[in-house]
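Summary of the model geometry
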Amino acid sequence: MRTSNIIDCDIHQTWPTDEVRQRLPKGLRQTEWAPPSTLLTSPIGVLRQDALPEEGGAAGSSPRKMIEQHMDPFGICAGVLTGSGILGLGIHPNVHYAAALARAYNDTLAETWLQADDRFYGSIIITPQDPLAAAEEIRRWAGHPRMVQVIMCSGARIPFGQKFYWPIYEAAAEVGLPVATHPGTEDRGIANGFVAGDPTTYLEWHTNIPQNYMGHIVSLLCEGVFEKFPTLRFVCIEGGLAWLPHVLWRLDKNWKALRSSVPWVKKLPSEYVWDHVRFTTQPIEEPENPEHLRTILEIIHAEKTVMFSSDYPHWDNDSPHHGLPKLSPELEERIYFQNAFELYDFTRGGSLVNHAKELATA
């Protein structure tokens, strides 16, 4: 049971007021924020009620509350902030509005949360439907010491490996930042639905999220993204991980017979995953026999591919004390701390994570 020196790779922060929209140019403030949606909603809500700040505002809107309820009790030495309800800008049909909103969000994040505590680190929100604007935004924030990754929604019209997105990967690789994707926009706005079609309940929708991740990862591999951008790292947040073995077994087998159709893929597709793709834990699959999950972790080389995430303050967030089965001390260290420490450049921000690293290696 991990009790300290934890890096949490998925924390959802927001603001108590509509601060982001107020930063938009006047001509865009009246643009409809929510894109056309068939998104099914959770019958029990999305946010923890006990995470509501006493002073008012939504769960996740108070740095003080987050520190007292989440960061301090669990010994979290760095938290990567991924936003709340903002990723929908990536499937908005008005690309001008979406790009302006991304700029406003990133400005607000830097001027508020990233100054509230040196354990908070930011994700640069981008517009994947407008790769040139996204690349410009990545370069705009590349020098900020507390922005450690790029993030975009997993709902999309086009699989992520295709050349349409390559300006994003070029910019991210150029500045040395990983690109992450996060669910929640599937079947909304200009995004396609799930492979199997539109679900009818939130249970079905929530369960089907890995479908998109399977498609995007296979696309990244088959389109040769990691050959084109050999320093690029890609992070799959909240997409599960138990699906990875069977997808890669199938892809590796098929590549051996069909490699002539993708001559730019120089080695087994799975080998690119171990080197370039990372996965966060929440919501991790929970088989009745914990040994089955430990076997999955072994198969997918969790000692370098898996990073802890809580998803705080969402209803199904995972406590660092109970989110994973009992692991060896070595694997626990890798998942809860070392893998994220090696992926993200925390050194520029002077976070407590660096002090934690010093303690761990002393």
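What comes next concerns the included structure. Not measured: the values here are computed from a predicted model. Numbering of residues starts from 1 in every chain and runs along the sequence as written. Residue-level local features of this predicted model are given only where pLDDT is at least 70; pairs of side-chain atoms are given and counted only at 80 or more, and the full residue set underlies all totals for whole chains, interfaces and linings. Here the side-chain values reflect all heavy atoms present in the structure, with hydrogen atoms and water set aside.

1. Here's the deal with the nonpolar core
Rules: Definition of nonpolar core: a set of buried residues of the types Ala, Val, Leu, Ile, Met, Phe, Trp, Tyr and Cys, connected through side-chain atoms within 4.5 Å. A simple rule labels every residue: compare its accessible area, found with a 1.4 Å probe on the protein chains alone, to the largest value its type can have, and call it buried under 20%, exposed over 50%, or partly exposed in between. Where helices and strands are cited, they refer to DSSP runs of H or I of at least four residues and of E of at least two residues respectively, numbered from the N terminus. What makes two residues a contact is simply this: any of their non-hydrogen atoms within 4.5 Å.
Ranked by internal contacts, the top residues of the largest apolar core, which has 112 residues, are I7, Y169, I217, F226, F234, V273 and Y344. Tallying contributions element by element places helix α3 (residues 95–111) first for this core, with 9 residues. Apart from residues no more than four positions distant in its own chain, Y344 is found in contact with C9, V80, V148, Q149, P178, V235 and M307.

2. Brief notes about the sheet that holds strand β6 (residues 234–236)
How we decide: Following DSSP output, two strands are said to pair if at least two bridges run between them. Interaxial angle, 0 to 180 degrees, is taken between N-to-C directions of lines fitted to C-alpha atoms, where a helix line uses only the stretch in contact.
Pairing is parallel across the open sheet formed by 8 strands, whose spatial order is β1-β2-β3-β4-β5-β6-β7-β8. Both outer strands of the open sheet, β1 (6–11) and β8 (306–307), are each paired with one neighbouring strand and no more. Two strands pair when backbone bridges link them, and β1 and strand β2 (residues 76–81) are joined in this way by 4 bridges, in the parallel orientation. Residue pairing in the sheet places I7 in a bridge with A78 of β2. Running over the sheet, helix α11 (residues 269–276) touches β6 and β7 (277–280) and is turned about 65° from β7.

3. Description of the side chain of Q13
Quick reminder of the rule: Polar contact is defined as a pair of N or O atoms within 3.5 Å, subject to the rule that within protein one atom must be able to donate a hydrogen and the other to accept it, and that residues adjacent in sequence are counted only when both atoms are side-chain atoms.
Mapped onto the secondary structure, Q13 falls in the loop between β1 and α1 (19–22). Of the polar contacts made by the side chain of Q13, one reaches the backbone nitrogen of G83; its length is 2.9 Å. When near neighbours in sequence (up to four residues on either side) are disregarded, Q13 contacts G60, M66, L81, T82, G83, S84, Y105, L109 and W113.

4. Re the packing of aromatic side chains
Our working definition: Here the aromatic set is Phe, Tyr and Trp, taking the six-membered ring for Trp, and pairing holds for ring centres within 6.5 Å; pairs whose planes are under 30 degrees apart are stacked, those over 60 apart are edge-to-face, and all others are tilted. Charge over a ring is defined by NZ of Lys or CZ of Arg lying within 6 Å of the ring centre and within 35 degrees of the ring normal.
One pass over the full model with this rule turns up 13 aromatic pairs. Where Y121 meets F346, the ring centres are 4.8 Å apart and the plane angle is 80°; that geometry is what we call edge-to-face. Of this pair, Y121 sits in strand β3 (residues 120–125) while F346 sits in the loop between α14 (329–343) and α15 (352–361), and the two are 225 residues apart along the sequence. Each member of the pair, Y121 as well as F346, is classed as buried. Between the aromatic rings of F160 and F234, the centroid separation amounts to 6.3 Å while the plane-to-plane angle is 55°, which identifies the pairing as tilted. Within this pair, whereas F160 is found in the loop between β4 (147–153) and α6 (166–175), its partner F234 is found in strand β6, the two being separated by 74 residues in sequence. Like F160, the residue F234 is buried in the burial classification. Three or more aromatic residues joined by ring pairs make a cluster, and in this case those are F160, F164, Y165 and F234. Above the ring of W255, the side-chain terminus of R259 is found at 4.2 Å from the ring centroid.

5. As for empty space enclosed by the protein
Counted only if it meets this: Any residue with an atom within 4 Å of a point lines the site, the site being either a cavity, points on a 1 Å grid over the protein atoms alone where a 1.4 Å probe fits but cannot get out, or a pocket, an open set with protein on both sides within 12 Å along at least 5 of 7 lines. Grid points are joined across faces, edges and corners, and a volume is the space filled by probe spheres set on the points. Residue polarity is assigned by list, with Asp, Glu, Lys and Arg as charged and Ala, Val, Leu, Ile, Met, Phe, Trp, Tyr, Cys and Pro as nonpolar; anything else, Gly included, falls into the polar class.
Tallied over the full model, the rule gives 1 cavity of 30 Å³ or more. Taken together, G90, I91, P128, Q129, G155, A156, R157, I158, F164, Y165, I190 and A191 form the lining of the largest cavity. For the lining of the largest cavity, the per-class residue count stands at 8 nonpolar, 3 polar and 1 charged.

6. Things to note about the environment of S261
Secondary-structure assignment places S261 in the loop between α10 (244–258) and α11. Each C-alpha atom of the pair S261 and C222 lies 9.3 Å from the other, and the pair is 39 residues apart in sequence. At 2.7 Å, the side chain of S261 and the backbone oxygen of L258 are in polar contact.

7. A word on the layout of surface pockets
To find leftover empty space, a probe the size of one water molecule is rolled over the atoms. In this model, the second largest pocket occupies a volume close to 250 Å³. What lines the second largest pocket is a set of 14 residues, among which T14, D18, V20, S84 and I86 lie closest to the centre. Within the residue set of the lining of the second largest pocket, elements represented by two or more residues are α1 and α3. Looking at side-chain class alone, the lining of the second largest pocket contains 7 nonpolar, 4 polar and 3 charged residues.

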